[in-house]
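Chains, contacts and geometry: an overview
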Amino acid sequence: MNSTTSRAITRARASPISDETAIPRARTYPVSDEPQDGENARAFPRSDENVIRAPPQAPRMRISTWNVGSMTGRSTELGKVLQHRRINICCVQETKWKGSKSRNIGCGYKLIYHGTRAHNGVGIVMDRDLQERIVEVKRVSERLMSIKFALDNQPCMNVISAYAPQAGCANAGKDIFWEEVNDLLYSIPPTELKYVCGDLNGHVGQNTTVYNSIHGNFGYGTTNVEGENILEFASAHDLAIINTFFAKQQEHLITYKSGNASSQIDFILANRDRLKTFKDCKVIPGEPLISQHRILVAEFLLPHPIRMKKERIQRIRWKRLNEQDGGEFSLKIERYLHSEIPDERVSLIWRKFQKFCIDTAKQHLGVSKGIVQNGKDTSWWNPEIDTILKEKKRLFKQWLCSKTPEDRERCKLEYAIAKKAAKRVVAQVKALSNENFYAKIETTKEAQKIFKIAKQRHNNCLTGY
């Protein structure tokens, strides 16, 4: 039996179970013998028979690669696309950014990139859970970099972002690139996992008769010289080309399309013994970030979930100093300073004053809950918005709990009106908040605020990697 037949058998779907061996399920007819309509029919309670619970799903991770053409002006949009597609790691090519830095691109994603000139450049984007798992960052060249992640009770994961020279480039540049990739992979211990994602600028072809162990015979196009280099490289390091192991439509195989020209030049490679953990790999066409190149996404299982425990630190709400509560706090501090100070050591006097300030601030200014920040701006929030959104949620629950068709239509209409009104009010309040913010920045008295914002954005780029 050849490898193609064995893979087809592996992907074969089992036939439906027979009626004799079917697991008894909760019946959906009413308990009483009286006829009732389908609207009011209910299932038996759990105590009547054993309920078969579905097993918990295995943790999954989604990794992708995308030639973005340029990161200039596309950071926020890229973060929104990755959030919408639930992607954990994305290797990007052609960032066209100089330097070796990192940057928050929004929606909880951070980009670590490397480039030596305003041309080429590679980077790796990761979500909030993986940002604290970084062990090592290697910036080899403007076409190659890697990041090592330490996971719980499983081998380390090495993600490599690669951007191979185009077909028209000199052979010397191509040889240097593949030598750097080989040296990078040889430096990784054999017990660790390797994922090579990038624009390799080669065609591995629809099928092959030589590299059946690493090529799944579900590729696209015909093999060229650069594709042969990719196949030889994957075979030397025992890496499977993941997007050739899943039968897809052509639109879900093509990674580059310009006019009538279409090709498959972006690939995701992983350890061949990890091939069975991959559940899907396909191209997602239609994302408006860039018209020619398309994002390639693969989904695989993890043996253990990635758990991130972040301590919640309660903080005093010092921003309320300019409000009425802040006036009462300042008055109490002033009275304390004008009171008689006992003749004690300076350190003891200072500790008492510090404790008095903190206790008084907690009493008058309040303390935050210490919720982990998600990067969202909440300066525009006010009690009026809170009331409007609570009413919208109440109408939504009322719509879900409605029984008759008449009530359903009425509640649906009420919810739609409330949703539209809430959306309009939120947009207006946000616009007003932005106008007030810009007005404060333009005044000379708020110069310190400008430096504070600039310093905060600068610190976001200083991660030590």
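Because the structure is a prediction, the values reported are computed rather than measured. (Residues numbered from 1 in each chain as written. Predicted model: local features only at pLDDT ≥ 70, side-chain atom pairs only at ≥ 80, totals over all residues. Heavy atoms only, no water.)

1. Some words on the overall build of the protein
Assigned secondary structure in the protein consists of 10 helices and 15 strands. In the protein, which comprises 465 residues, the share counted as buried stands at 37%. Here the analysis covers contacts within the protein between residues at least 6 apart in sequence; of these, 64% occur between residues at least 24 apart. Accessible surface, the protein as shown: approximately 28,900 Å² in total, 51% of it carbon and sulfur. (Helix = DSSP H or I, 4+ residues; strand = E, 2+ residues; numbered from the N terminus. Buried < 20%, exposed > 50% of the residue type's maximum accessible area, 1.4 Å probe, protein only. Contact = heavy atoms within 4.5 Å. Areas by Shrake-Rupley, 256 points an atom, 1.4 Å probe, with all protein chains shown as cover.)

2. With respect to the sheet that holds strand β8 (residues 157–163)
A sheet is described by the order of its strands in space; here six strands give the open sequence β6-β7-β8-β9-β13-β10, paired in mixed fashion. Across the chains shown, the open sheet's two edge strands, defined by having one partner strand only, are β6 (134–141) and β10 (239–241). The average angle at which neighbouring strand axes cross in this sheet is 15°, direction not considered. Bridging between β10 and strand β13 (residues 266–271) involves three bridges; their strand directions are antiparallel. Bridge pairing in β13 places Ala240 opposite Ala270. Its contacts with the sheet place helix α5 (residues 225–236) against β10 and β13, and it is angled at close to 140° to β10. (Pairing = 2+ DSSP bridges. Axes fitted to C-alpha atoms, helices over the stretch in contact; angles between N-to-C directions.)

3. Some thoughts on the packing of helix α4 (residues 171–186) against α5
Relative to each other, α4 and α5 sit at 15°, their axes nearing to 12 Å. One element, α4, and the other, α5, form an angle in the roughly parallel class. Here α4 runs over α5; the crossing is right-handed. Along its contact with α4, which presents Lys174, Trp178, Val181, Asn182 and Leu185, the element α5 presents Glu226, Asn229, Ile230 and Phe233. A class-by-class count of the residues in the contact of α4 with α5 yields five nonpolar, two polar and two charged. (Parallel < 35°, antiparallel > 145°, perpendicular 65-115°, else oblique. Left-handed = near helix turned anticlockwise from the far one by under 90°. Nonpolar A, V, L, I, M, F, W, Y, C, P; charged D, E, K, R; others polar.)

4. Comments concerning the side chain of Ser141
With respect to the helices and strands, Ser141 occurs in strand β6. Ser141 sits in the buried class, given a relative accessible area of 15%. Sequence-distant contacts of Ser141, that is, excluding residues within four places in its chain, are made with His114, Val122 and Glu180.

5. What about the sheet that holds strand β5 (residues 122–126)?
Taken in spatial order, the seven strands line up as β3-β4-β5-β2-β1-β15-β14 in an open sheet, and their pairing is mixed. In the strand order of this sheet, the two ends are held by β3 (99–106) and β14 (278–284), each with one partner. The average angle at which neighbouring strand axes cross in this sheet is 15°, direction not considered. Here helix α2 (residues 75–84) sits on the sheet and contacts β1 (60–67), β2 (89–93), β3, β4 (109–115), β5 and β15 (295–301); the angle it forms with β3, its principal contact strand, is near 60°.

6. Comments concerning helix α8 (residues 383–401)
Under the 1.5 Å per step criterion, the end-to-end length of α8 is 27 Å for 19 residues, consistent within 8% with the ideal 27 Å. Elements that come into contact with the buried residues of α8 comprise α9 (405–442). The N-capping residue of α8, defined by a side-chain oxygen 3.2 Å from the backbone nitrogen of Glu384, is Asn382. (Expected span 1.5 Å × (residues − 1). Polar contact = N/O pair within 3.5 Å; in protein donor to acceptor, adjacent residues only side chain to side chain.)

7. Things to note about the pairing of β5
For β5, a buried count of five out of five residues is recorded, marking the element as mostly surrounded by other parts of the structure. Burial along β5 is two-sided: the residues Val122, Ile124 and Met126 and Gly123 and Val125 are all buried. Where β4 hands over to β5, the hairpin turn is made up of six residues, of which Asn120 adopts a positive phi near 60°.

8. With respect to the pattern of salt bridges
Following the criterion strictly, the structure yields 18 salt bridges and no others. Across the pair Glu136 and Lys148 runs a salt bridge whose closest N-O atoms are separated by 3.8 Å. Placement of the pair is Glu136 in strand β6 and Lys148 in strand β7 (residues 144–149), with a sequence separation of 12 residues. The buried category is assigned to Lys148, whose relative accessible area is 14%. A salt bridge links Glu391 to Arg394; the shortest N-O distance between them is 2.6 Å. Of this pair, Glu391 and Arg394 both sit in helix α8, three residues apart, which is roughly one turn of the helix. The exposure class of Glu391 is partly exposed, given its relative accessible area of 35%. (Salt bridge = Lys/Arg side-chain N within 4 Å of Asp/Glu carboxyl O.)

9. Let's talk about the packing of aromatic side chains
This structure, assessed with the given rule, holds 13 aromatic pairs. Centroid distance Trp97 to Tyr113: 5.2 Å. Interplanar angle 70°. Geometry classified as edge-to-face. Taken together, the positions of Trp97 in the loop between β2 and β3 and Tyr113 in strand β4 put the pair 16 residues apart, joining distant regions of the chain. Assessed through its relative accessible area of 10%, Trp97 is described here as buried. Aromatic ring contacts, followed pair by pair, group Tyr336, Trp350, Phe353 and Phe356 into a single cluster. Between Arg103 and the ring centre of Trp97, over which it is positioned, the NZ or CZ distance is 4.3 Å. A cation sits over an aromatic face here: Arg143 above Tyr163, 4.8 Å from the ring centre. (Phe/Tyr/Trp six-rings, centres within 6.5 Å; stacked < 30°, edge-to-face > 60°. Lys NZ or Arg CZ within 6 Å of the ring centre and 35° of its normal.)

10. Re the packing of α8 against α9
Relative to each other, α8 and α9 sit at 160°, their axes nearing to 9 Å. When the interaxial angle is binned, α8 and α9 end up roughly antiparallel. The two elements α8 and α9 meet at a crossing, and its hand is left-handed. Facing α8, whose interface residues are Ile385, Ile388, Leu389, Lys392, Leu395, Phe396, Gln398 and Trp399, α9 presents Arg408, Arg410, Cys411, Lys412, Glu414, Tyr415, Ala418, Lys419, Ala422, Val425, Val426 and Val429. Among the residues making up the contact of α8 with α9, the classes are represented as 13 nonpolar, one polar and six charged.

11. Observations regarding the side chain of Thr360
Its location among the elements puts Thr360 in helix α7 (residues 346–364). Given a relative accessible area of 4%, Thr360 falls into the buried group. Of note is the side chain of Thr360, whose polar atom sits 2.6 Å from the backbone oxygen of Phe356. Apart from the residues lying within four places of it in its own chain, the contact partners of Thr360 are Phe329 and Lys332.

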